[in-house]
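Now for the letters of each chain:
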Amino acid sequence: MKAIAYLGPPGTFSHEAAVAWARRVDRNWQAGADTFLACLSLPEVMAAVQNHQAGAGILPVENSIEGAVNLTLDLVLEEEGLQVIGEVVLPVCHCLLGQAEDMKAIREVWSHPQALAQCRHYLATNLREAKLKAVTSTAEAAREARQRPELAAIASAFAARLYQLPVLATNIQDYQENKTRFWVLGREAPSLPGPYKTSLVVTALANRPGSLYAILKDFAEAGINLTRIESRPTKKELGEYLFFIDCEGKATAPPLKEVLAGLKSRTGLLKILGSYSQDRGETSCS
Ligand SMILES: O=C(O)C(=O)C[C@]1(C(=O)O)C=C[C@@H](O)C=C1
């Protein structure tokens, strides 16, 4: 298997998603020295796949508490050669990791901005005095907490084991069933069992009444279930939007195939990001 690129260092939730993806593609998968490629940022994850350093890249796309990961949407929109070839839905069970003797000794809490946001209520209630610092990933925060006892990290139990850090509290996310959905970017989707999903981006032809409705109506009339719709600004003009749509079905198979063919004349932009096997995300934090 070619390397899977993810937001590093080792021990991030993205790393866990990469492991889950490797297992899904190959049931007998065993980790090798070069199975994974830890990257410093999401653009670097994309670049690693673009320049063939990695065969697939893991990008967080949405979280059940915080919603869309805009950077991923923007990166995937601009991408020409790669497709969304899979998805991984991961339970995100946050822990407070650190070497402090008690909570009062914690001066700073470091984590990825998404993780800090997912634990906002816990932090306001239990660590009101601590300074919060956003860093590039949860595992980066854990690595730092290993060096500095006055600092705690919000990261996973996996990171606690990897960096040999005491777990001061578990499941500190504000909503227990916290999940993040990741897209897997690559060149060709592996043959995995259905049901399938398709991700696409559309713009309406004109900013007038009913133009978005005209697009959505085709899906409804063909009995196609939309699993998500998200708007992003076009960045060209205030009030102009792109719509990221996820729906059930494969772009190359009816009824979605016909709907997409019909949409060509009714949309400004129509970009198919990929069709891939659905992950039902059945595991949870509890
Ligand atoms: O920092 C990590 O552990 C990541 O993998 C990044 C990330 C994210 O970007 O949303 C992934 C899952 C969680 O939602 C928190 C952080």
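Since this is a predicted model, take the numbers as computed values, not measurements. (Residues numbered from 1 in each chain as written. Predicted model: local features only at pLDDT ≥ 70, side-chain atom pairs only at ≥ 80, totals over all residues. Heavy atoms only, no water.)

Describing the site of the ligand
Then, in step 1: Surveying the vicinity of the ligand reveals 14 residues, the closest of which are Phe13, Ser14, Gln118, Thr138 and Thr180.
Then, in step 2: Here an oxygen atom of the ligand sits 3.4 Å away from a polar atom, N or O, in the side chain of histidine 112.
Then, in step 3: The fraction of the free accessible surface of the ligand (360 Å²) that becomes covered by protein chains is 99%.
Then, in step 4: Within the residue set of the shell around the ligand, elements represented by two or more residues are α1 (13-25), β3 (56-63), α4 (113-118) and β11 (179-186).
Then, in step 5: The residue inventory of the shell around the ligand, partitioned by class, reads five nonpolar, nine polar and no charged. (Near = heavy atom within 4 Å. Polar contact = N/O pair within 3.5 Å; in protein donor to acceptor, adjacent residues only side chain to side chain. Areas by Shrake-Rupley, 256 points an atom, 1.4 Å probe, with all protein chains shown as cover. Helix = DSSP H or I, 4+ residues; strand = E, 2+ residues; numbered from the N terminus. Nonpolar A, V, L, I, M, F, W, Y, C, P; charged D, E, K, R; others polar.)

Considering the nonpolar core
In a soluble, globular protein the nonpolar side chains are often hidden away together inside.
Then, in step 1: Judged by nonpolar contacts, the single largest core of 26 residues is most densely connected at Leu59, Val76, Val84, Trp183, Leu185 and Leu273.
Then, in step 2: Where this core is concerned, the elements lending two or more residues are β1 (4-7), α2 (42-50), β3, α3 (70-78), β11, β14 (241-248) and β15 (267-277).
Then, in step 3: The dominant element in this core, judged by the number of residues it contributes, is α2, at five residues.
Then, in step 4: When near neighbours in sequence (up to four residues on either side) are disregarded, leucine 59 contacts Leu42, Val45, Met46, Thr72, Val76, Arg181, Phe182, Trp183 and Leu185.
Then, in step 5: Judged by nonpolar contacts, the second largest core, of 19 residues, contains Ile4, Trp29, Phe182 and Leu192. (Core = buried A, V, L, I, M, F, W, Y, C linked by side-chain atoms within 4.5 Å. Buried < 20%, exposed > 50% of the residue type's maximum accessible area, 1.4 Å probe, protein only. Contact = heavy atoms within 4.5 Å.)

Considerations on the state of the cysteines
Then, in step 1: The full count for this structure, using the stated rule, is one disulfide.
Then, in step 2: A disulfide bridge connects cysteine 93 with cysteine 285, and the sulfur atoms are separated by 2.3 Å. On the sign convention where negative means left-handed, the S-S torsion of about -95° between cysteine 93 and cysteine 285 marks this disulfide as left-handed. With cysteine 93 in the loop between β5 (83-91) and β6 (95-97) and cysteine 285 in the segment after β15, this residue pair connects regions lying 192 residues apart in the sequence. (Disulfide = S-S within 2.5 Å.)

Remember that the coordinates give geometry; whether it matters functionally is a separate question.
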